[in-house]
Amino acid sequence: MGCTSSKSEDVTKTQESVKQDIPEIVVDKVEAFKDYEILCLDKHNSFRSKHGGPDMALNRDLCDMAQKYAEFLLQNDKFEHCNRAGRKYDGQYVGENLGYYMGPDYENYDATENWYNEINDYDFSSPGFIKGTGHFTQVVWKSSTQLGVGKAMDPNTQKTMIVARYCPGGNVAGVFPENVTSPS
């Protein structure tokens, strides 16, 4: 399964055709994803406001792309970023954060706070890409204006896979100072 998608018919399937592609373990949770998408957006925007960043908006196509990739990762027991060349939306590079959780509270897992907590390792006096902080910088990246979120769960293994997609993508060399600012 590749990640290459754009604003096309393959990512804007009807809910019925999407359910046919989702394993039995995930089908029952499809309706709840809408609430999760909103919760994730709210958390992102709350963190972004601390850094003077504008609110992002949910994008249905990006959510569908993220959902499809979360399901792929869960079904194939993988935890890896989609290749950068494969993350395009409307001709733009799309950023990506991944989250994985396994345990008894798997249904309530939310990765946004974990991603943001990488702030503790970010050096605002020397802005740029710093290993171990890329999730944080993407969450607060001011130029990213659209968000898509996908969440796939397996009750048998108690695994949750979360994929967030950002457009335009962040973590671009040379423009960290204006996109990642200290919290106020």
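Residues numbered from 1 in each chain as written. Predicted model: local features only at pLDDT ≥ 70, side-chain atom pairs only at ≥ 80, totals over all residues. Heavy atoms only, no water.

Caption draft 1: Structural context of the confidence of the model for the protein. Across the protein, pLDDT averages 84, with 82% of residues at or above 70. Throughout residues 1-33 the model reports pLDDT below 50, and contacts reaching past four residues in sequence, or to other chains, amount to 55 contacts. (pLDDT = per-residue confidence, 0-100. Contact = heavy atoms within 4.5 Å.)

Caption draft 2: Focus on the nonpolar core. Trp 115, Phe 136, Leu 147, Tyr 166 and Val 180 are the most contacted members of the largest nonpolar core, which has 22 residues in total. Looking at this core, the elements with two or more residues in it are α3 (33-49), α5 (112-116), α6 (134-140), β5 (146-154) and β6 (159-167). Among the elements that line this core, the one with the most residues is α3, at four residues. Among residues more than four places away in sequence, those in contact with Trp 115 are His 44, Asn 97, Leu 98, Gly 99, His 135, Phe 136, Val 139, Ile 162, Ala 164 and Tyr 166. Listed in part, the eleven residues of the second largest apolar core include Tyr 69, Leu 73, Cys 82 and Leu 98. (Core = buried A, V, L, I, M, F, W, Y, C linked by side-chain atoms within 4.5 Å. Buried < 20%, exposed > 50% of the residue type's maximum accessible area, 1.4 Å probe, protein only. Helix = DSSP H or I, 4+ residues; strand = E, 2+ residues; numbered from the N terminus.)

Caption draft 3: Here's a closer look at the pairing of β5. Burial analysis of β5 places eight of its nine residues in the buried class, which makes it a mostly covered element. Note that strand β1 (residues 57-58) and β5 share two bridges and pair parallel. Residue pairing for β5: Ala 57 is matched across the bridge by Gln 146. Where β5 folds back on β6, the antiparallel hairpin that results is connected by four residues, among which Gln 158 adopts a positive phi of roughly 60°. (Pairing = 2+ DSSP bridges.)

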